[in-house]
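Understanding the architecture of this molecule
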Amino acid sequence: MDFLERLIDYMEGLSFMPSDIKIGLFDENGNSVAIRPMPSAINERYVEQSKIYPYSFQVLVHNKSNFMAYEVSQKLMSVLDMIDEGLIQSSNNSFKLVSIRCITTPNFVQKTGYGYLWTMTFEAELFIEG
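Residues numbered from 1 in each chain as written. Predicted model: local features only at pLDDT ≥ 70, side-chain atom pairs only at ≥ 80, totals over all residues. Heavy atoms only, no water.

Before going further, it helps to examine the pattern of salt bridges. Within this structure, the stated rule accounts for six salt bridges. In this structure, R6 engages D2 in a salt bridge whose closest nitrogen and oxygen atoms are separated by 3.0 Å. Judged by its relative accessible area of 21%, R6 is partly exposed. For D2, a relative accessible area of 6% puts it in the buried group. Between D20 and K22 there is a salt bridge, and its shortest N-O distance comes to 3.4 Å. On the basis of relative accessible area, K22 is assigned to the partly exposed category, the value being 28%. Each of D2, R6 and D9 takes part in a single network of salt bridges with overlapping partners. (Salt bridge = Lys/Arg side-chain N within 4 Å of Asp/Glu carboxyl O. Buried < 20%, exposed > 50% of the residue type's maximum accessible area, 1.4 Å probe, protein only.)

Counting residues in each nonpolar core, the largest one holds 32 residues, and the members touching the most others are F3, M11, F57, V59, L80 and I100. Where this core is concerned, the elements lending two or more residues are α1 (3-12), β2 (32-38), β4 (51-63), α2 (66-80), β5 (96-111) and β6 (116-128). Those residues in contact with F3 that sit more than four places away from it in its chain are Y55, F57, I88, F95, L97, I100, A124 and L126. (Core = buried A, V, L, I, M, F, W, Y, C linked by side-chain atoms within 4.5 Å. Helix = DSSP H or I, 4+ residues; strand = E, 2+ residues; numbered from the N terminus. Contact = heavy atoms within 4.5 Å.)

With respect to the secondary-structure elements, T119 resides in strand β6. The buried category is assigned to T119, whose relative accessible area is 8%. Within the structure, the side chain of T119 is placed 2.9 Å from the side chain of Q58, a separation counted as a polar contact. Side-chain polar atoms of T119 contact the backbone oxygen of V59, separated by 3.0 Å. Those residues in contact with T119, other than ones at most four positions away along the chain, are Q58, V59, L60, T105, P106, N107 and V109. (Polar contact = N/O pair within 3.5 Å; in protein donor to acceptor, adjacent residues only side chain to side chain.)

Below, the structure is given as structure tokens:
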């Protein structure tokens, strides 16, 4: 499934986002954004073996400026929460985006040696054909 790659491509295309979004760890020595996939439970399975796959993920925003980290977090939440399902599409037909919802709104994590870290969590619902 190529959802993570398509999500990163979409986010990197947003004017206020850095051009390189990392998976897992943020850059501790610079301005950065990282995505961390999180565990989820598959609750909806269908007779023809298709399912709704809940893809939860955390977004970390690290910036020298506390205000900029907050602003980027807020803008990203506005863009991703309830996104139009056609904006992120699989390149290999491995999923169809149903929705993305913000689960935890942007919140401050810590001051780092470089700047400030903010985070938020989302859950995407992906339809996987059987």
